[in-house]
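# Structure assessment
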Amino acid sequence: METIVFSLLNGVIYGLLLFMLSSGLTLIFSMMGVLNFAHASFYMLGAYFAYSIMGVTNFWIALILAPVLVGLVGAAVEKWGLRNVHAHGHVAELLFTFGLAYLIDEMVKIVWGRSSVDYRVPEVLDFPLFELFGAEYPAYRVFILMVSVGMLVALWFILNRTRAGLIIRAALTHPHMVGHLGHNVPRIFMLVFGAGCALAGLAGVIGGNYLVTDPAMAVQMGPIVFVVVVVGGLGSLTGAFLAAMLLGLMQTFAVGVDASFADLFGWLGLTATSELGGITIASLAPMIPFLMLVLILMIRPRGLMGDREL
């Protein structure tokens, strides 16, 4: 029971962190049709910006200022870079964002070095919030949960209950009509791209000290984010949420299970070979996202909630 409860809590938190990171990419793709290969690099920028801001102020200012700075960088990239590339098709966009990812990675190494930085959980949140089954549960993980849920509610409210959200949703399918009504569609695209990057930056602020902040963090999270977007369905925020939660729970439970294939085969009344029986379920946890991706592409190519196939 202890393993189930803690794996459930940690899986929900990790899933919400993945959704915060993937929601920006989903929003950008659903509106602009751009698969931003540099999205995880903006997540990395959020963590490094927060680390630098904390060095001169505090975590709360970093929590607000770092995503704003990442959003401004993203808006500048769209206005002076991606907008000019957009006219040349999807291949040019993919090459541009792929090169941008390498550029950001190298800039991070030049400014902050090649080693991980000491980006820590703030002292005000570095304490056990409650005790369960004799183990203390950190308050910062609950804080991540609260920020993620707050972001989810705010995003839903903006897209579904505000005039700005109505314009954004209209621009998804009828950009020319929105333009004829007097709205600046390129500016809307710029703001959406910047907002998507800001969401990735927010994930970096609260996830950088929860995981680790180093130049490899974008490479580690980038493939998983694309798995979430594809499994959930390209352009579907609901699908991205379901995929992120499913992936977070599956990976966390796989890591928490202290069993091998020999134990699993024994429970089924079968006998495993010595090589297969020695493999632990926890060692397969990094493969779960990609196994899920392969299965989804075989069974339902458009994803869980998507309406277009790859």
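Described below are features of the structure shown in this document. (Residues numbered from 1 in each chain as written. Predicted model: local features only at pLDDT ≥ 70, side-chain atom pairs only at ≥ 80, totals over all residues. Heavy atoms only, no water.)

### A few points about the environment of Leu 82
- Within the secondary structure, Leu 82 is located in helix H3 (residues 59-86).
- Residue Leu 82 is classed as buried on the basis of its relative accessible area of 2%.
- As a C-alpha pair, Leu 82 and Phe 193 span 111 residues in sequence and 9.9 Å in three-dimensional space.
- Excluding residues within four positions of it along the chain, Leu 82 makes contact with Met 32, Val 34, Val 77, Glu 93, Phe 96, Thr 97 and Phe 193. (Helix = DSSP H or I, 4+ residues; strand = E, 2+ residues; numbered from the N terminus. Buried < 20%, exposed > 50% of the residue type's maximum accessible area, 1.4 Å probe, protein only. Contact = heavy atoms within 4.5 Å.)

### A look at the packing of helix H9 (residues 217-232) against helix H10 (residues 237-256)
- Interhelical geometry of H9 versus H10 gives an angle of 125° and a closest axis separation of 7 Å. The orientation of H9 relative to H10 falls into the category oblique. The way H9 lies across H10 gives a crossing that is right-handed. Contacts from Ile 224, Val 228, Val 231 and Gly 232 of H9 reach H10 at Gly 239, Ala 240, Ala 243, Ala 244 and Leu 247. (Axes fitted to C-alpha atoms, helices over the stretch in contact; angles between N-to-C directions. Parallel < 35°, antiparallel > 145°, perpendicular 65-115°, else oblique. Left-handed = near helix turned anticlockwise from the far one by under 90°.)

### Brief notes about the pattern of salt bridges
- Applying the stated criterion across every chain yields a total of 3 salt bridges.
- Between Lys 109 and Glu 106 there is a salt bridge, with the nearest N and O atoms lying 3.7 Å from each other. Separated by 3 residues within a single helix, Lys 109 and Glu 106 lie in helix H4 (residues 90-112), roughly one turn from each other.
- Looking at Lys 109, the relative accessible area reads 25%, which means it is partly exposed.
- Judged by its relative accessible area of 36%, Glu 106 is partly exposed. (Salt bridge = Lys/Arg side-chain N within 4 Å of Asp/Glu carboxyl O.)

### Topic: the pairing of strand S1 (residues 128-132)
- As defined by bridge partners, S1 adjoins strand S2 (residues 135-138) across 4 bridges and the pair is classed as antiparallel. Across the sheet, the residue bridging to Leu 132 is Ala 135, located in S2.
- As consecutive antiparallel partners, S1 and S2 are separated by 2 residues, and within that stretch Phe 133 has a phi angle of approximately 55°, a positive value. (Pairing = 2+ DSSP bridges.)

### Here we look at the nonpolar core
- In terms of nonpolar packing, the biggest core is built from 87 residues, with Phe 42 and Ile 206 touching the most fellow members.
- Setting aside anything within four residues of it in sequence, one finds Phe 42 in contact with Asn 36, Val 70, Val 73, Gly 74, Val 77, Leu 100, Ile 104, Cys 197, Ala 200 and Gly 201. (Core = buried A, V, L, I, M, F, W, Y, C linked by side-chain atoms within 4.5 Å.)

### Describing helix H5 (residues 139-161)
- With 23 residues, H5 extends 32 Å from end C-alpha to end C-alpha; this agrees with the ideal 33 Å at 1.5 Å per step.
- Restricting attention to buried positions, one finds in H5 the residues Ala 139, Tyr 140, Val 142, Phe 143, Ile 144, Val 147, Ser 148, Met 151, Leu 155 and Leu 159. (Expected span 1.5 Å × (residues − 1).)

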